[in-house]
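Residue strings, one per chain:
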Amino acid sequence: SFLRRSFSCEGSVYMGKENKGNEIKYVMYKSKSLENNIIKYLKDLKFLLNQYKIDCIIYKGDEYIRKRDKKHVVGYCIKIKRNESIITFAKNIGFDIERKSKKLNELVNNITFKNCNSS
């Protein structure tokens, strides 16, 4: 439930062309002063995902100075890229938000359809 709600809020699904570039992405942008906290939090999420045999990687994203308050902001994300892990995520975690669930189901269908046709 925790992972589902967390990914529903901060996660997204990307479908690449011809099943290249498929991924589930979880992105956080916070003040640079909280960078160590972001990394620890994402490592904790990664640990929980690994309990389901979902392979993922943590990436550092963009940094910028926020215009409204001049704070230094940094982004980090978790990416689930392997097709097996995407399918496992869909079966065991998923999303609470209907549009994200539909996109995830479409991605899983594309992955399984491609795998069936390549056999």
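Whatever comes next refers back to the structure up there.
Conventions adopted
- Here the residue numbers are simple positions, counted from 1 along each chain's written sequence.
- Thresholds applied to this predicted model are a pLDDT of at least 70 for local features of residues and 80 or more for the giving and counting of side-chain atom pairs; totals over whole chains, interfaces and linings are not thresholded and use all residues.
- Processing note: side-chain calculations cover all non-hydrogen atoms of the structure and skip hydrogens and water entirely.
- Numbering of helices and strands starts at the N terminus; helices are DSSP runs of H or I of at least 4 residues and strands are runs of E of at least 2.
- Any pair of N or O atoms that falls within 3.5 Å is considered a polar contact. Within protein, one atom must be able to donate a hydrogen and the other to accept it, and sequence-neighbouring residues count only if both atoms are side-chain atoms.
- It only takes one pair of heavy atoms within 4.5 Å for two residues to be counted as in contact.
- Our working definition of a disulfide is a cysteine sulfur pair at a distance within 2.5 Å.
- Think of it in three bands: residues with accessible area under 20% of the maximum for their type are buried, residues over 50% are exposed, and the middle band is partly exposed, with areas taken using a 1.4 Å probe on protein chains only.
- By nonpolar core is meant a set of buried Ala, Val, Leu, Ile, Met, Phe, Trp, Tyr and Cys residues that side-chain atoms within 4.5 Å join together.
- Each patch is built from residues that are more than 30% exposed by relative accessible area and take part in no salt bridge. Like charges join if they lie within 9 Å; nonpolar side chains (Val, Leu, Ile, Met, Phe, Trp, Tyr) join within 5 Å.
- Accessible surface is estimated by sampling points in the Shrake-Rupley manner with a 1.4 Å probe; for residues, cover comes only from the protein chains shown.
- What counts as a salt bridge is simple: a side-chain nitrogen of Lys or Arg found within 4 Å of a carboxyl oxygen of Asp or Glu.

What exactly am I supposed to notice about the side chain of serine 8 here?
When you line up the elements, serine 8 lands in helix α1 (residues 2-10). At 2.7 Å, the side chain of serine 8 forms a polar contact with the backbone oxygen of arginine 4. Contacts of serine 8, omitting those with residues within four sequence positions, involve Phe95, Asp96, Ile97 and Lys100.

In this structure, what is going on with the state of the cysteines? I would like to understand it.
Note on terminology: a disulfide is the covalent bond linking the sulfur atoms of two cysteines. Evaluated as defined, the whole model comprises 0 disulfides. Among the cysteines around cysteine 9, which has no disulfide bond, cysteine 77 carries the closest sulfur, lying 17 Å off. This cysteine, cysteine 56, is not joined by any disulfide, and cysteine 77 carries the nearest cysteine sulfur, 10 Å off. Cysteine 56 sits in the buried class, given a relative accessible area of 2%.

Would you mind showing me how to read the nonpolar core here?
In summary, soluble globular proteins display a tendency toward joint burial of nonpolar side chains. Grouped together as the largest cluster of nonpolar side chains are 25 residues, with contacts concentrated most on Phe7, Leu49, Ile80 and Phe89. Secondary structure elements with two or more residues in this core: α1, β2 (23-31), α2 (35-51), β4 (72-80), α3 (83-92) and α4 (98-117).

Please clarify how a nonpolar patch on the surface should be interpreted in this entry.
Among the surface-exposed residues, Phe2, Phe47 and Leu48 lie close enough to one another that they form a single nonpolar patch of about 300 Å² accessible area. Take leucine 48: it is sitting in helix α2.

How should the pattern of salt bridges be read in this particular structure?
Here the structure, examined in full by the defined rule, presents 10 salt bridges. One salt bridge in this structure joins lysine 81 and glutamate 23, with 3.4 Å as the shortest N-O distance. Of this pair, lysine 81 sits in the loop between β4 and α3 while glutamate 23 sits in strand β2, and the two are 58 residues apart along the sequence. Assessed through its relative accessible area of 37%, lysine 81 is described here as partly exposed.

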